[in-house]
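Coordinates in review
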Amino acid sequence: MPELPEVEAARALAERWTAGRTIVDVDDTDEWVCRPHAPGEIAEAITGKRILGVGRVGKSLWMDLEDGPRLGLHLGMAGRLVGLGGEGLEGATAVGPADGLYFKGIDVLDDDPARFGSAGEPLTAREREDWSMPVRTGARELPGDGSWSRFALDLDDGGRLILFDKRRLGRVRLDPDLSKLGPDALLITEDEFVERVGRSGASAAAKAPLKARLMDQSTLAGIGNLLCDELLWQAAQPPLRPAGDLAEDELRELHGVMLACTREAIHRGGVHMGDVIAYRKKGEHCPRCGAEMVRATVGGRTTWWCSQEQAWPED
């Protein structure tokens, strides 16, 4: 599932591909992805509108439109945004952290004269091979079943932005309600983090495992399963430790680690490139101390941690 770093890559791609351009046509025929809107409803509301910019909070994206509603986008479990250039793909500008390099989560096909930009759910090896194939100029076909293109905006410069989603779990809606989300994990202040994550006392929030608190999107928005395992490993904090047990100085340190891990994941091209992620499997050992990695379910999610440095209760 795309986490904050992958969604930020998608936001950057959409911003570069669409900001300042006018929507001339919309494909909103997928009734499930565009629910509760009927086919044509989104198109009627946004066709002819100029895109002012692309925003993000947590894993949710939106486009601000001039004299129009907000257009909300969510990548779901396996969605990607794909930008196609105005001349098919000829001369399109690839979007990524470094020209000519491939990072999971951000694709840069700089070795092919037919180029495009995409960002979102990391590709498998097979998908990577398929996506390296040139897209035919006329039909603009993408690899796989064409029905995987769930939503598309055609722009006045001839370009196109597509929501490409094999599992059909992404969402597109007008004026999305984001009021239940907490502050964005990249923007939350240290004081806010201490207050929201480390609520003390006998409350359920204080007793909740630290990982569950960090992944509660109403507490702070954007931390997903892999990123949470990575930042807790980097901080040597036990996922099972009650959030309310952390002292203020520990919470402030954890806030800094969270920011550093998230920024590093964006720089590397996705949370899959984290230092401990490759060791989240049976028989592996902590890359820092060599102790066995342990697996359990925390907050409803599969969780891995170092049996020595992140043990709880502490020995």
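Residues numbered from 1 in each chain as written. Predicted model: local features only at pLDDT ≥ 70, side-chain atom pairs only at ≥ 80, totals over all residues. Heavy atoms only, no water.

To continue, consider the pairing of strand β9 (residues 160–165). In terms of burial, β9 is largely enclosed, as five of its six residues are buried. Pairing between strand β5 (residues 79–84) and β9: six bridges, direction antiparallel. Paired with L81 across the two strands is L163, which belongs to β9. Where strand β8 (residues 149–155) folds back on β9, the antiparallel hairpin that results is connected by four residues, among which G158 adopts a positive phi of roughly 90°. (Buried < 20%, exposed > 50% of the residue type's maximum accessible area, 1.4 Å probe, protein only. Helix = DSSP H or I, 4+ residues; strand = E, 2+ residues; numbered from the N terminus. Pairing = 2+ DSSP bridges.)

Below, the discussion takes up unusual backbone geometry. A cis amide bond links R35 to the next residue, P36, at an omega of 5°. Checked against the element boundaries, P36 lands in the loop between β1 (23–27) and α2 (41–46). In this model, W312 is joined to P313 through a cis peptide bond whose omega is 0°. With respect to the helices and strands, the residue P313 is situated in the segment after β12 (301–306). A positive phi angle, near 60°, is found at R168, a position not held by glycine. Summarising the element assignment, R168 is placed in the loop between β9 and β10 (171–174). A positive phi is found at A236, a non-glycine position, where the angle reads about 55°.

This part takes up the sheet that holds strand β4 (residues 71–74). One key point about sheets: their strands pair by backbone hydrogen bonds, in either a parallel or an antiparallel sense. Strand order in this open sheet of four strands is β2-β3-β4-β10, and the pairing throughout is antiparallel. A strand with exactly one partner marks an edge of an open sheet, and here the two such strands are β2 (51–57) and β10. Between one strand axis and the next, the sheet turns through 20° on average, direction left out of account. Note that β2 and strand β3 (residues 60–65) share six bridges and pair antiparallel. When the bridges of β3 are listed, I51 appears paired with L65. Relative to β2, helix α1 (residues 4–18) is tilted by about 175°, and along the sheet it contacts β2 and β3. (Axes fitted to C-alpha atoms, helices over the stretch in contact; angles between N-to-C directions. Contact = heavy atoms within 4.5 Å.)

Considering the arrangement of structural elements, one finds E3 in the segment before α1. Buried within the structure, E3 lacks any salt-bridge partner; K59 is the closest side chain of opposite charge, at an N-O distance of 5.8 Å. Separated by 3.3 Å, the side chain of E3 and the backbone nitrogen of G224 make a polar contact. If we ignore the near neighbours within four places in the chain, the residues touching E3 are G224, N225, L226, L227 and V271. (Lys, Arg positive; Asp, Glu negative; His and termini not counted. Salt bridge = Lys/Arg side-chain N within 4 Å of Asp/Glu carboxyl O. Polar contact = N/O pair within 3.5 Å; in protein donor to acceptor, adjacent residues only side chain to side chain.)

Residue pairs spaced three or four apart in an α-helix point in one direction, given the helix's 3.6 residues per turn. If you check α1, its first and last C-alpha atoms are 20 Å apart, about what 15 residues at 1.5 Å a residue would give, namely 21 Å. Burial runs high along α1: 12 of the 15 residues are buried. Here α1 has its buried residues at L4, P5, E6, V7, E8, A9, A10, R11, L13, A14, W17 and T18. Of the residues one or two after α1, G20 is the one with positive phi, at around 85°. (Expected span 1.5 Å × (residues − 1).)

On the surface, M1, W32, M77 and L169 cluster together into a nonpolar patch covering about 340 Å² of accessible area. Considering the arrangement of structural elements, one finds L169 in the loop between β9 and β10. By relative accessible area, L169 is classed as partly exposed at 38%. (Patch = residues over 30% accessible without salt bridge, like charges linked within 9 Å, V, L, I, M, F, W, Y side chains within 5 Å. Areas by Shrake-Rupley, 256 points an atom, 1.4 Å probe, with all protein chains shown as cover.)

In the structure shown here, the tally under the stated rule is 21 salt bridges. Residue D154 is joined to R160 by a salt bridge in which the shortest nitrogen-to-oxygen separation is 2.7 Å. You can call D154 buried: its relative accessible area is 16%. Judged by its relative accessible area of 22%, R160 is partly exposed. A salt bridge links K211 to D229, with the nearest nitrogen and oxygen atoms 2.8 Å apart.

Applying the stated criterion across every chain, the model contains zero aromatic pairs. The cationic tip of R35 hangs over the ring face of W32; the distance from NZ or CZ to the ring centre is 3.7 Å. The lysine or arginine in question, R288, covers the ring of W233, its NZ or CZ lying 4.0 Å from the ring centre. (Phe/Tyr/Trp six-rings, centres within 6.5 Å; stacked < 30°, edge-to-face > 60°. Lys NZ or Arg CZ within 6 Å of the ring centre and 35° of its normal.)

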